[in-house]
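# Results of the structural survey
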Amino acid sequence: MKFFHLSDLHIGLKLMNRDLREEQMDILRQVTDLAREEQPDAVVIAGDIYDKAVPAAEAVEVFDSFITELKRAVPEAEMMLISGNHDSAERLDFASSLLAEQNVHIAGRFTGCPKQVVLNDRHGPIEFTLLPFVRAATVRHYLPDADITDYDSAAGAALAVCEPAAPRRVLVAHQMVVSGVCP
């Protein structure tokens, strides 16, 4: 299976009051052109789509144009998006049920169990588990009996409720991961 992975687009970012819209649009056009050429089976966008939780209207227009052109470039591809710590999970979830009918799967909010999307290729099924950015308090709200003390245990508890849906699995997440750090 061929898939494209994007993350941290930060659409709407201004650097020292310099609007980066043109540069961002140029990069997104390059991604669309490459997708048209490569024809991936899936496109994964792993959070921080926007630079702010409440993006400017121009940023929303840039992303709308990008995702529309990308879907036209690879109409058969499944698209999967999750929210990052810069995104508003609720805003990103807008029309997600309707978009899922167009094979655009959005996991903005964590609501007790990560979304799972199963695709098939010549080797069989492959599961994409869509874990949006989660905070301990959010996971604790949905899983009050879980032992959640930090981001790691929150992500672990959120994933523990998933039943494997395929033998091959891909986790799409936007979390801080620290390995080998002593307290």
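Parameters at a glance
Residues numbered from 1 in each chain as written. Predicted model: local features only at pLDDT ≥ 70, side-chain atom pairs only at ≥ 80, totals over all residues. Heavy atoms only, no water. Core = buried A, V, L, I, M, F, W, Y, C linked by side-chain atoms within 4.5 Å. Buried < 20%, exposed > 50% of the residue type's maximum accessible area, 1.4 Å probe, protein only. Helix = DSSP H or I, 4+ residues; strand = E, 2+ residues; numbered from the N terminus. Contact = heavy atoms within 4.5 Å. Pairing = 2+ DSSP bridges. Axes fitted to C-alpha atoms, helices over the stretch in contact; angles between N-to-C directions.

Counting residues in each nonpolar core, the largest one holds 24 residues, and the members touching the most others are Ile11, Ile45, Phe63, Phe66 and Leu81. Residue assignment for this core shows that the elements contributing at least two residues are β1 (3-6), α1 (21-38), β4 (42-46), α2 (57-73), β5 (78-82) and β6 (104-107). Looking at this core, the element that brings in the most residues is α2, giving six residues. In contact with Ile45, not counting residues within four places along its chain, are Leu6, Leu9, Phe63, Phe66, Ile67, Met80, Leu81 and Ile82. Of all hydrophobic cores here, the second largest spans 12 residues; its members include Val117, Leu119, Ile126 and Phe128.

Note on sheets: strands pair through backbone hydrogen bonds, and any given pair is parallel or antiparallel. With respect to topology, three strands assemble into an open sheet ordered β7-β8-β9, the strand pairing being mixed. The sheet is open, and its two edges are formed by β7 (115-121) and β9 (168-173), each paired on a single side. In this sheet, adjacent strand axes meet at a mean angle of 25 degrees when their direction is disregarded. Alignment of strand β8 (residues 124-131) against β9, held across six bridges, turns out to be parallel. Bridge pairing links Phe128 to Val170 in β9.

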